[in-house]
Amino acid sequence: MPEPLRQNIQSNLAEHERALPSTTLPGQDSPAQEQPRDQQPCQAETRDLAAAISRLLAGEPIRSDGKLTVSVLAAEAAIARQRLYEHHREALTDFKTRAGGGPLVPNQQALQQRLDDVTTKIKKLEAEKQLMKDQIASLTVVVVELTHEAQAKNIIKLPPRRRRAK
């Protein structure tokens, strides 16, 4: 194995070993049982993931086509997609949030414009509906008055009762 390659591997190995904490539980003299290395996120991996997120959001991908998807993020960070879901859920959630809040694509802009237009139309129709309700209430009063007048003309008044003299 060439010497530069060996040194590179040893430095990467040393960096990963420093990233893994060595903990001891109270009352123990030896380190606690640690998870295997492939099941722990290391600092270098987290740093690579953060850099990949920054590159993708800035629109400057190195290893991918630059789409804002989890698969592309995994490729950009050179991390297995499943590993992102298992060990980097917070970073993944942050990426999804930031990617979703980016500039609107033309289709989304058209949908947003349509939503605004429909909302304006709904407000206009609600105002017209209220005006019509008010007109109906006024006309109902007129109809009731006319009905009472018509009934009053159809009523025959009886002559006053005669009182008998005692």
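To start, this report covers the structure provided alongside it. Everything quoted here is computed from the prediction, not taken from an experiment. All residue numbers refer to position in the chain's written sequence, counted from 1. Confidence filtering applies because this is a predicted model: local features only for residues at pLDDT of at least 70, side-chain atom pairs given and counted only at 80 or more, and all residues used for totals across whole chains, interfaces and linings. Side-chain figures throughout are based on the complete set of non-hydrogen atoms in the structure, without hydrogens or water.

The next subject is the overall build of the protein chain. Counting its regular elements, the protein chain contains six helices and zero strands. Among the 166 residues that make up the protein chain, the fraction classed as buried is 16%. In this analysis, two residues are considered to be in contact whenever any of their non-hydrogen atoms come within 4.5 Å of each other. Contacts in the protein chain between residues at least 24 apart in sequence constitute 43% of all its contacts with a sequence separation of at least 6. Values of accessible area rely on a 1.4 Å probe in the Shrake-Rupley scheme; residue burial ignores everything except the protein chains shown. About 13900 Å² of surface is accessible on the protein chain, with carbon and sulfur atoms providing 55% of the total. Runs of H or I in DSSP of at least four residues are treated as helices and runs of E of at least two as strands, each being numbered from the N terminus. Using a 1.4 Å probe on the protein chains alone, a residue whose accessible area is under 20% of its type maximum counts as buried, one over 50% counts as exposed, and one in between counts as partly exposed.

Okay, the nonpolar core next. Residues belong to one nonpolar core when they are buried, are Ala, Val, Leu, Ile, Met, Phe, Trp, Tyr or Cys, and are joined through side-chain atoms within 4.5 Å. In this structure, Leu49, Leu73, Leu84 and Phe95 are the most contacted members of the largest nonpolar core, which totals 14 residues. Mapped onto this core, the elements with two or more residues apiece are α2 (43–58), α3 (70–77) and α5 (89–100). Those residues in contact with leucine 73 that sit more than four places away from it in its chain are Leu49, Ala52, Ile53, Leu56, Leu84, Leu92 and Phe95.

Okay, α3 next. The buried count for α3 comes to six of eight residues, which makes it a mostly enclosed element. Buried within α3 we find Val70, Val72, Leu73, Ala74, Glu76 and Ala77. Among the structural elements, α2, α4 (81–87) and α5 are those in contact with the buried residues of α3. One or two residues past the end of α3 sits alanine 78, with phi positive at roughly 60°.

For a helix, the expected span equals 1.5 Å multiplied by the number of residues minus one. Compared with an ideal rise of 1.5 Å per residue, which puts 16 residues at 22 Å, α2 spans 22 Å between its outermost C-alpha atoms and is within 8% of the ideal. Positive backbone phi, approximately 80°, marks glycine 59, located one or two places after α2.

A pairing counts as a salt bridge when a side-chain nitrogen of Lys or Arg comes within 4 Å of a carboxyl oxygen of Asp or Glu. Summed over all chains, the structure comprises three salt bridges. Across the pair glutamate 76 and arginine 55 runs a salt bridge, and its minimum N-O distance is 2.8 Å. You can see glutamate 76 sitting in helix α3 and its partner arginine 55 sitting in helix α2, a full 21 residues away along the chain. Judged by its relative accessible area of 0%, glutamate 76 is buried. For arginine 55, a relative accessible area of 18% puts it in the buried group. For aspartate 94, the salt bridge is made with arginine 98, and the minimal N-O distance between the two is 3.3 Å.

Position of leucine 92 among the secondary structure elements: in helix α5. On the basis of relative accessibility, which here comes to 2%, the residue leucine 92 falls in the buried class. Counting along the chain gives 39 residues from leucine 92 to isoleucine 53, while the straight-line C-alpha distance between them is 9.0 Å. Look past the residues within four positions of leucine 92 in its chain and what remains in contact with it is Val70, Leu73, Leu84 and Tyr85.

Relative to each other, α2 and α3 sit at 120°, their axes nearing to 8 Å. As far as their axial angle goes, α3 and α2 are oblique. Our pair here, α2 against α3, has a crossing hand that is right-handed. Within the contact between the two elements, α2 uses Asp48, Leu49, Ala52, Ile53, Arg55 and Leu56 and α3 uses Val72, Leu73, Glu76 and Ala77. Only Asp, Glu, Lys and Arg are considered charged in this grouping, and only Ala, Val, Leu, Ile, Met, Phe, Trp, Tyr, Cys and Pro are considered nonpolar; every other residue, Gly among them, is considered polar. Looking at the contact of α2 with α3 residue by residue, the class counts come to seven nonpolar, no polar and three charged. Angles run from 0 to 180 degrees between N-to-C directions of axes, and those axes are lines fitted to C-alpha atoms, restricted for helices to the stretch in contact. What sets the label is the angle itself: under 35 degrees gives roughly parallel, over 145 gives roughly antiparallel, 65 to 115 gives roughly perpendicular, and the rest give oblique. We call a crossing left-handed when the near helix sits turned anticlockwise from the far one by less than a right angle, and right-handed when that turn is clockwise.

The residue histidine 88 is located in the loop between α4 and α5 in this model. By the criterion applied in these results, polar contacts are pairs of N or O atoms within 3.5 Å in which, for protein atoms, one can donate a hydrogen and the other can accept it, and in which residues neighboring in sequence qualify only through two side-chain atoms. In this structure the side chain of histidine 88 is engaged in a polar contact, spanning 2.8 Å, whose partner is the side chain of glutamate 45.

Here we take up unusual backbone geometry. Phi at alanine 78 takes a positive value of approximately 60°, unusual for a residue other than glycine. Within the secondary structure layout, alanine 78 lies in the loop between α3 and α4. Taking relative accessible area as the criterion, alanine 78 reaches 59% and is therefore assigned exposed.

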